[in-house]
Amino acid sequence: MALRAPEPVADAASPVRKGITRRQALAAAVATGVGVGAVRLLGGTIQNLSHTSAANGMDWVSPLGRESARVMQLLRRTSFGYTRAQLDAALSDGYSKTVDRLLETKPAEPPVLAAAATPGGRFGVPEIQQWWVGHMLTTPTPFAERMTLFWHGHFTSDYRKTANNTFMYWQNLTWRRMGMTDVRSMLMQVTTDPAMLRYLDLATSTGQSPNENYSRELMELFTMGAGNYSEEDVRQSAKALAGWQQPPPDSIATVTVDKAKMVTQKLPVYNAQRSGIFNPRRAYKGTVTYLGHTGPLDTQGVLDAILAQKATAPFIAAKVAQHFVTSQPSPSYVAGLGDTFRRSRYDMKTLMRAVFTSPEFTADASYRALLKSPAEFMVHGARALGATSLSKLIVAAGSGMGQSLFDPPDVNGWPNNAAWVSSNTVVERVNFVTLALAQTKGSLPSATDAARTHLDGVVGPQTANLLNQAPDERTRWFVTLASPEFQLK
Amino acid sequence: MNKEIGINQLKRRDFLRAGLVFGAGAAGLAAGYAAVPDAFARAVFAAKQNGMANDNVLVMIQLAGGNDGLRTLVPLTDPTLHDLRPKLAGPMVSQALPLTKDFGLNHNLGGIKSLWDQGKVAMVQGVGYPNPTFSHFESIRIWETGDPTRRQVDGWLGRTLAKAYDSNGHPLTGCACGTTDVPGALRDLQATMTVIQNQKTFGFTGGSEVEAAVGALYKGTPGIYGALFDTAIATANDTIATLRTSSASYQPMADYTDKVQLVYSSKNQLAAALQLAAELIVTGTGVKLLHVTLGGFDTHYTELNRHDDLMGYLDSAVSAFYKDLAAHGKADKVLIATWSEFGRRPKENASGGTDHGAAAPLLLIGDPVQGGLYGSEPSLTSLDSTGNLKFAVDFRSVYQEILGGHLGADSNEILGASFDRIPFLKAPVAVL
């Protein structure tokens, strides 16, 4: 298919484009009709750059040859969206300086959650959900929040079983502080994390009668992947890991839980964040044979045995690649990242730098190869609108799209990419846009520029068509945020 | 990860070719449906009947997390149970509802017990597969794909949709109720299915105007996710229109209640999901395969009350569902079957719970069922090397009977092999 010549636009000289002309829309419609080529908005013209893909006949035209497009993709994948000013700052820094800034900037701490002082952590989960989303919406270091969300889905726990929202709050603070450190330290932390001790039952396991829940998921989901250890290893490390208990509280509060019946309960109060404590009386006294080694083994010994396994670094690297680069990373790419990661002693900064500077990260094939998770989609949308007060809506709307923070579907955390799409979730994504626009009072940022700022100026024929027909700014924002382009990153 | 395989091979469902009202274009969808609701329902149903053996319906209930078979169908007379489970065995045996001399149902399954008394409940004992995995996710995938060798990617019900029914995109032939994602059992790149989390809120805020705009926006979407998106939106629009019709004509004839205390980690409202299933069945939408989930069965700790509560919740939801179907004269068409990725360890742990196990019983409920116990009871004294119950019946024997006997589908084509028969149906529709 030949390139269609760029069409001149009447007001091409004007610095502010008024939108897409009717003639261009027709050109776009023709492109749809013949079933080839996505439309690319470039400096006031539409070019129909044909691009044939094997299955569907149409693919996005990658703009990643331009550094500005690479910077925008980097931001989409490492942040929760941006305002025009944030984008301009990154564009003037350029790609490699932006990578440095992402990796080297210390995470901004969220405000203290006052409810966390509630005895027994008995405050409503919406409080902690809105607290986190509120921080996502306003933080100057969104990459720290993206990593916190990644680890929340990896070393996952949920509020239902943990049944103490103070512990969930601590776990969230932990991943923000530790998310870019090293996995050896993180594994020790997650093993003794109070929420995790409850979530996977290690707090009630004993050497004499071990509970296998944590032992299994530590290997299957956190470090090595199924098939790289035996059932006997699960049993043996269940023994070796037993003995951890919840931290003792600083004091006990007597709380009235039912005023009418005068029912009171004694609940723990903590003055500061704590980790679990080890009780040798509950531990296993003998030797174990674990991952090929026989002898007495403590928790650090179990973790070091896991870190010595060949499967561990590629397993974590693959998960990072699927989250940040492509849904189907090649085995050689994963192996390369895994090598770098292992040689760095599981240093996350080294791994993430390798990811962001790898050719795969900015290859044309990576363009729009990932789907935004519901949280990313919604926060990005709200930030694009400059609406920082939508945390309540974002929390409420998440469940219909399959993502409630602090409440993952299971111990495997959240899925990636295609698994986010169903007839239910697409409707809920659109409904979020409708409600977000309804709740955003006052003036919106200019939508004229939105397709360029948030969609790289690369839009499909249908989106171009609807943007053209949009009678006002709100409709144009609706089309932009509800479009398939905006669901991708 | 596995869900990603082949996503770029997904074919665009061609709704235009289905020959229904889609020819009017997205903008005409809502208006067209609203104007001729009955004609639409009839047209869909008639179109779907082509190529279908019968109008039977299957409802699969997933008991997610690994249901404790020993606490579902309780061995009443085996003393070993008390040695293995000093904390858990006593109450579960003394309170059980006896079915035979040796077995009783969990005491909270009273509604299902009364269906048993009417000959409408079959229990297949000792169901599993060789070399069991104790990973939730691997075992779920095995049950969903019907393939213990883990090569198959598509779900067994998805393959049924694609192979036995039209694969040309009638979205409501397969439907997952009460969830947001497509369950693995229903997944097949060549099949279209619907997901409805909550029927009351399913639809576009802003109504038909938004519906039309979104229909126009998601057409011919480029890229690897394009077909997936377009299909999901077209499916949603079709389903919204169908629900508009079916909701108007459906009156529940049973009391579905989700007022029970939900047990961790059930977040699914099972009763509401089954009520939606009933609505789809009794209003003639042409639905064939339904999937609902009740979570919370991963009872590693304090299992006693938690599992009893789950049984009670299952019982009340299924009882209401059956009653509703019967009152609408549809009970003879519907087979209800439970599944779970594994049973639990016969020996209890320090947390008053049980770890991941292997073989367990399945429940089959409904008028098409020939009531009774099938398979064979697993021995508590001859456990496998991991301390788990040995399986007696391959789970695909149960699938085979469902596919051939109830749905009239070619089970050999769908499962890729044939298995020993477990004749739990009164009148199987096809020779197996």
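Preceding block: the structure.
Reading the values: the criteria
- Residues numbered from 1 in each chain as written.
- Chains lettered and ligands numbered in written order.
- Predicted model: local features only at pLDDT ≥ 70, side-chain atom pairs only at ≥ 80, totals over all residues.
- Heavy atoms only, no water.
- Helix = DSSP H or I, 4+ residues; strand = E, 2+ residues; numbered from the N terminus.
- Contact = heavy atoms within 4.5 Å.
- Areas by Shrake-Rupley, 256 points an atom, 1.4 Å probe, with all protein chains shown as cover.
- Buried < 20%, exposed > 50% of the residue type's maximum accessible area, 1.4 Å probe, protein only.
- Pairing = 2+ DSSP bridges.
- Salt bridge = Lys/Arg side-chain N within 4 Å of Asp/Glu carboxyl O.
- Buried area = accessible area lost by both parts, 1.4 Å probe.
- Polar contact = N/O pair within 3.5 Å; in protein donor to acceptor, adjacent residues only side chain to side chain.
- Nonpolar A, V, L, I, M, F, W, Y, C, P; charged D, E, K, R; others polar.
- 1 Å grid on protein atoms, 1.4 Å probe; cavity = no way out; pocket = protein on both sides within 12 Å on 5 of 7 lines; lining within 4 Å.
- Points joined across faces, edges and corners; volume = space filled by probe spheres on them.
- Phe/Tyr/Trp six-rings, centres within 6.5 Å; stacked < 30°, edge-to-face > 60°.
- Lys NZ or Arg CZ within 6 Å of the ring centre and 35° of its normal.

Participant: Would you take a moment to explain the overall build of chain A for this structure?
Facilitator: A tally of regular secondary structure across chain A gives 24 helices and nine strands. Taking as baseline every contact in chain A between residues at least 6 positions apart, the subset at least 24 positions apart corresponds to 73%. Accessible area for chain A stands at about 18200 Å²; split by element, carbon and sulfur atoms hold 55% of it.

Participant: Explain the pairing of strand E1 (residues 57-63) of chain B to me, please; I cannot follow it from the model alone.
Facilitator: It is a general feature of regular strands that their side chains alternate between the two faces of the sheet. Residue and element names in this part refer to chain B. Within E1, seven of the seven residues are buried, leaving the element largely enclosed by the surrounding structure. With burial as the criterion, each face of E1 is covered, one bearing Val 57, Val 59, Ile 61 and Leu 63 and the other bearing Leu 58, Met 60 and Gln 62. Examined bridge by bridge, E1 and strand E9 (residues 334-339) share six bridges and lie parallel to one another. Its bridge partner being in E9, Gln 62 is matched across the sheet by Trp 339.

Participant: Quick question: what am I supposed to make of the pattern of salt bridges here?
Facilitator: When their charged atoms lie close together, side chains carrying opposite charge are able to pair. Counting across every chain of the model gives 32 salt bridges over all chains. Here Glu212(A) and Arg345(B) are joined by a salt bridge, their closest N and O atoms 2.9 Å apart. Within this pair, whereas Glu212(A) is found in the loop between helix H10 (194-199) and helix H11 (213-223), its partner Arg345(B) is found in strand E10 (residues 344-348), the two belonging to separate chains. Residue classification places Glu212(A) among the buried residues on the basis of a relative accessible area of 6%. Arg345(B) gets classed as buried once you look at its relative accessible area, which sits at 7%. One salt bridge in this structure joins Asp55(B) and Lys333(B), with 3.2 Å as the shortest N-O distance. With Asp55(B) in the loop between helix H2 (37-49) and E1 and Lys333(B) in the loop between helix H11 (303-327) and E9, this residue pair connects regions lying 278 residues apart in the sequence. Lys333(B) sits in the partly exposed class, given a relative accessible area of 26%.

Participant: Please explain the interface of chain B and chain A as it appears in this structure.
Facilitator: Often, the extent of an interface is quoted as the loss of accessible area upon association of its parts. If you look at the interface, chain B gives 64 residues, while chain A gives 70 residues. Both faces considered, chain B and chain A share a buried interface measuring about 5200 Å² in area, 60% of it formed by carbon and sulfur atoms. In this structure, the connection of chain B to chain A is made through 23 residue pairs in polar contact (both at pLDDT 80 or more). Considering every element that reaches the side of chain B that touches chain A, the biggest residue donor is helix H9 (residues 226-249) of chain B, with seven residues. Looking at the side of chain B that touches chain A residue by residue, the classes come out as 29 nonpolar, 24 polar and eleven charged.

Participant: Hey, could you run me through the pairing of strand E12 (residues 360-365) of chain B in this one?
Facilitator: Residues and elements named next belong to chain B. Within E12, six of the six residues are buried, which leaves the element mostly enclosed by the surrounding structure. As judged from the five bridges shared by strand E5 (residues 121-128) and E12, these two strands associate in the antiparallel manner. From the neighbouring strand, Met 123 faces E12, where its bridge partner is Leu 363.

Participant: It is not clear to me how the sheet that holds strand E3 (residues 97-98) of chain B should be interpreted in this structure. Could you clarify?
Facilitator: Either a parallel or an antiparallel arrangement is found when strands of a sheet pair, and the pairing is made through backbone hydrogen bonds. Residue and element names in this part refer to chain B. One open sheet holds the three strands; their spatial order is E2-E4-E3, and the pairing between them is antiparallel. One side of each edge strand has no neighbouring strand; the edge strands of this open sheet are strand E2 (73-75) and E3. Pairing between E3 and strand E4 (residues 103-105): two bridges, direction antiparallel. Bridge pairing links Pro 98 to Gly 104 in E4.

Participant: Sorry if this is basic, but what is going on with empty space enclosed by the protein here?
Facilitator: To find the voids left in a structure, one rolls a probe of water-molecule size over its atoms. All names here are of chain B. Under the defined criterion, the tally for this structure stands at eight cavities of 30 Å³ or more. Here the second largest cavity is characterised by a volume of approximately 90 Å³. Residue assignment for the lining of the second largest cavity shows that the elements contributing at least two residues are E5, E9 and E12. In the lining of the second largest cavity, the residues fall into ten nonpolar, five polar and no charged.

Participant: Help me understand the packing of aromatic side chains, please; the structure alone is not making it clear to me.
Facilitator: The geometry of an aromatic ring pair is captured by the separation of the ring centres together with the interplanar angle, meaning the angle of the planes. This model, assessed by the stated rule, comprises 25 aromatic pairs over all chains. Their ring planes at 70° and their centres at 5.8 Å tell us that Tyr129(B) and Phe395(B) sit as a pair that is edge-to-face. Of this pair, Tyr129(B) sits in the loop between E5 and helix H6 (136-145) while Phe395(B) sits in helix H12 (residues 395-406); the two residues are 266 residues apart in sequence, bridging distant segments of the chain. Here the two residues Tyr129(B) and Phe395(B) agree in accessibility, since each one is buried. A centroid spacing of 5.2 Å and a plane angle of 85° characterise the contact between Phe395(B) and Tyr399(B), whose relative ring orientation is edge-to-face. Of this pair, Phe395(B) and Tyr399(B) both sit in helix H12, separated by four residues, roughly a single helical turn. Among the aromatic residues, ring-to-ring pairing joins Phe143(A), Phe150(A), Trp151(A), Phe155(A), Trp175(A), Tyr214(A), Phe222(A), Phe324(A), Phe356(A) and Phe361(A) into one connected group. Between Lys372(A) and the ring centre of Phe486(A), over which it is positioned, the NZ or CZ distance is 3.6 Å. Taking NZ or CZ as reference, Arg429(A) lies 5.1 Å from the ring centre of Phe377(A), over its face.

Distances and angles like these do not, on their own, reveal function.
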